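Below, each chain spelled out in residue letters.
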Amino acid sequence: MRKRLSNLQKTLADGEALACLTAYDASQAYWAAQSGVDVLLVGDSLGMVVQGHSTTLPVSLDNMVYHTQLVQRGNAQAQHPAYCIADLPFMSDATIESALQAAGRLMKEGGANMVKLEGAQRVVPIIRALAQLGVPVCGHLGLLPQSVEKHGYKVQGKDAVSAQALFDAALALQEAGADMLVLECVPAGLAQKITAALSIPVIGIGSGVHTSGQVLVLHDILGVTLGKAPKFSKNFMFGQGSIQAAIGAYVAQVKARTFPDSSHLVAE
Ligand code: KIV
Ligand code: NA
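Looking at an unreviewed UniProt entry, one finds the chain named 3-methyl-2-oxobutanoate hydroxymethyltransferase, with Thiosulfatimonas sediminis as its source organism. Checking UniProt for the chain, the heading Function (unreviewed entry) contains the comment "Catalyzes the reversible reaction in which hydroxymethyl group from 5,10-methylenetetrahydrofolate is transferred onto alpha-ketoisovalerate to form ketopantoate." Quoted verbatim from the Catalytic activity (unreviewed entry) field of UniProt, the annotation for the chain is "(6R)-5,10-methylene-5,6,7,8-tetrahydrofolate + 3-methyl-2-oxobutanoate + H2O = 2-dehydropantoate + (6S)-5,6,7,8-tetrahydrofolate".

A. Summary view of the overall build of the chain. The secondary structure content of the chain amounts to 11 helices and 8 strands. Rg of the C-alpha trace for the chain: 17 Å, near the compact-globule value of 18 Å for 268 residues, within the 12% margin. If you line up the chain on its principal axes, its C-alpha atoms span 45 × 40 × 40 Å. Expressed as a percentage of the 268 residues in the chain, the buried residues total 55%. Considering only contacts in the chain between residues 6 or more positions apart, those separated by 24 or more positions represent 64%. When the accessible surface of the chain is totalled, it reaches about 11,300 Å², and 55% of it is carbon and sulfur. Placing the 19 positive and 20 negative side-chain charges of the chain at their respective mean positions leaves the two points 2 Å apart.

B. Structural context of the site of ligand 1. Close to ligand 1 lie Thr22, Leu41, Gly43, Asp44, Ser45, Asp87, Lys116, His140, Val182, Ile205 and Val217, which account for all nearby residues. The side chain of serine 45 places a nitrogen or oxygen atom 2.6 Å from an oxygen atom of ligand 1. Out of a free accessible area of 260 Å², ligand 1 has 95% covered by protein chains. Broken down by class, the residue content of the shell around ligand 1 amounts to 4 nonpolar, 4 polar and 3 charged.

C. Highlighting the UniProt feature "binding site: 3-methyl-2-oxobutanoate" (unreviewed entry) in the chain. Here, the residues flagged by UniProt with the feature "binding site: 3-methyl-2-oxobutanoate" (unreviewed entry) are Asp44, Ser45, Asp87 and Lys116. Of the residues just listed, which span 73 residues, no C-alpha pair is farther apart than 12.5 Å, and they cluster in one region. Mapped onto the elements, aspartate 44 comes out in the loop between β2 (39–42) and α3 (46–49). A relative accessible area of 4% means that aspartate 44 is categorised as buried.

D. Just the coordination of the sodium ion (ligand 2), in detail. Listed as protein donors to the sodium ion (ligand 2) are Asp44 (OD) and Asp87 (OD); their distances from the metal cover 2.2 to 2.4 Å. Taken together, the residues span a long stretch of sequence, with aspartate 44 in the loop between β2 and α3 and aspartate 87 in strand β3 (residues 83–87) at a distance of 43 residues. Residues aspartate 44 and aspartate 87 agree in their burial class; the two are buried.

E. Fine view of the side chain of serine 207. In this fold, serine 207 is placed in the loop between β7 (202–205) and β8 (213–216). Within the structure, the side chain of serine 207 is placed 2.9 Å from the backbone oxygen of leucine 183, a separation counted as a polar contact. One polar contact links the side chain of serine 207 to the main-chain amide nitrogen of valine 186, over a distance of 3.0 Å. Filtering out sequence-adjacent residues up to four positions away, serine 207 remains in contact with Leu183, Glu184, Cys185, Val186, Ala188 and Ala191.

F. Spotlight on the pairing of β3. By the criterion of burial, β3 is predominantly enclosed, with 5 of the 5 residues buried. Burial along β3 is two-sided: the face carrying Tyr83, Ile85 and Asp87 and the face carrying Cys84 and Ala86 are both buried. Here 3 bridges tie β3 to strand β4 (residues 114–118), and the two strands are oriented parallel to one another. By the bridge assignment for β4, alanine 86 is matched with valine 115.

G. Structural view of the sheet that holds β7. What the 8 strands build is a closed barrel, ordered β1-β2-β3-β4-β5-β6-β7-β8; its pairing is parallel. Across the sheet, the mean angle from the axis of one strand to that of its neighbour is 25°, orientation sign disregarded. Across the sheet, helix α4 (residues 61–76) lies against β2 and β3, angled at about 155° from β2, the strand it touches most.

H. Molecular detail of the UniProt feature "binding site: Mg(2+)" (unreviewed entry) in the chain. Per the UniProt entry, the sites bearing "binding site: Mg(2+)" (unreviewed entry) are Asp44, Asp87 and Glu118 in this numbering. These residues run over 75 residues, yet every pair of their C-alpha atoms falls within 11.0 Å of each other. Locating glutamate 118 in the fold gives a position in strand β4. Glutamate 118 sits in the buried class, given a relative accessible area of 6%. Filtering out sequence-adjacent residues up to four positions away, glutamate 118 remains in contact with Asp44, Asp93, Val123, His140, Leu144, Pro145, Gln146 and Ser147.

I. Broad picture of the environment of leucine 40. As for its position among the elements, leucine 40 is in strand β2. For the pair leucine 40 and alanine 245, spaced 205 residues apart in sequence, the C-alpha separation works out to 17 Å. What leucine 40 contacts, discounting residues up to four positions off in sequence, is Leu21, Ala23, Ala29, Ala32, Val71, Asn75, Ala82, Tyr83, Cys84 and Ile85.

Cut-offs applied
- Throughout this description, residue numbers start from 1 for each chain and increase along the sequence as written.
- Each chain gets a letter, beginning with A, and each ligand a number, beginning with 1, in the order they are written.
- Under the rules for a predicted model, residues below a pLDDT of 70 receive no local features and side-chain atom pairs below 80 are neither given nor counted, while totals for whole chains, interfaces and linings still include all residues.
- Values shown for side chains rest on all heavy atoms present in the structure; no hydrogens or waters enter the calculation.
- UniProt positions are given in the numbering used here, feature names are shortened, and annotations may be inferred rather than shown by experiment.
- Secondary structure counts use DSSP, requiring at least four H or I residues in a row for a helix and at least two E residues in a row for a strand, with both numbered from the N terminus.
- For the radius of gyration, the atoms used are the C-alpha atoms, and the globule rule reads 2.2 Å times the number of residues raised to 0.38.
- Three exposure classes are used, based on accessible area relative to the maximum for each residue type with a 1.4 Å probe and protein chains only: buried under 20%, partly exposed in between, and exposed over 50%.
- Residues are treated as being in contact if the distance between any of their heavy atoms lies within 4.5 Å.
- Reported accessibility uses the Shrake-Rupley method at a 1.4 Å probe radius. Residues are deemed covered only where the shown protein chains occlude them.
- Neither His nor the chain termini are counted; the positive set is Lys and Arg, and the negative set is Asp and Glu.
- Every charge is mapped onto a representative atom, which is NZ of Lys, CZ of Arg, CG of Asp or CD of Glu.
- The nearness test applies per residue and asks whether one of its heavy atoms lies within 4 Å of the molecule or strand.
- Whenever a nitrogen or oxygen atom comes within 3.5 Å of another N or O atom, the pair is scored as a polar contact, on the condition that within protein one atom can donate a hydrogen and the other can accept it, and that pairs from neighbouring residues in sequence are kept only if both atoms are in side chains.
- The nonpolar class holds Ala, Val, Leu, Ile, Met, Phe, Trp, Tyr, Cys and Pro. Asp, Glu, Lys and Arg form the charged class, and all remaining residues, Gly among them, are polar.
- Sites may look incomplete because water is not among the atoms; the donors themselves are N, O and S atoms within 2.8 Å of the metal, or within 3.2 Å for Na, K and Ca.
- Only strands that DSSP links by at least two bridges are regarded as paired with each other.
- Here, axes are lines fitted to C-alpha atoms. For helices the fit covers the stretch in contact, and angles between N-to-C directions go from 0 to 180 degrees.

In structure tokens form, the structure reads like this:
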């Protein structure tokens, strides 16, 4: 049976961290779910690790729908299918109208359980509209890869003013109806404070160990990233004999809260 939001909440209530991982096709999704991954993210990072672009900007909504379909086909064959989140690609959430349409396609054609979108106060009315229609939504704050052309890959929340803005935005997204939040490259102390203040799960990437769970890009943990893997990531293939075992090691370290450690911090 496919995981629901309530299953994730139960996992957290039991004191367990959520292990999230990106997946882009059926076999990746199947083996990640078989290895105990709680949440599969069909990330627009596929623009880089699958399509070979240098940013996520060229990824189309059609691309996202297609890869979500592949992931959900493989996921459905696992013993315990994971919860599946799909990214709204760059510009698909430029207006409330277009965001609703994009989310509809990701759920109806792709079979996603939840959609994720990047941004702070800008996305509040979009999240409200999605939530009112019964669409589960995940926010994404901190480093925003879709804004790279304007802001670069900039770590946020380092000074007091931007830390307060990030904290306020996290509360605003929850208030608007977000069901989950990803924090990318946020200082660990701030990520911990936000996690404590929110009632929804906060999933960290490069944001320290004190969040409700972790997410990484599959290609990074398997050491097959094109070019240099980010500092906050870790190659879990070392010492493992198979991809399934490497994903299992990632899940085990997230659950044991031994990943990430201080060597993976980027935002301090
Ligand atoms: O696209 C992606 O893979 C993501 C994660 C890095 C959070 O958004
Ligand atoms: Na993304």
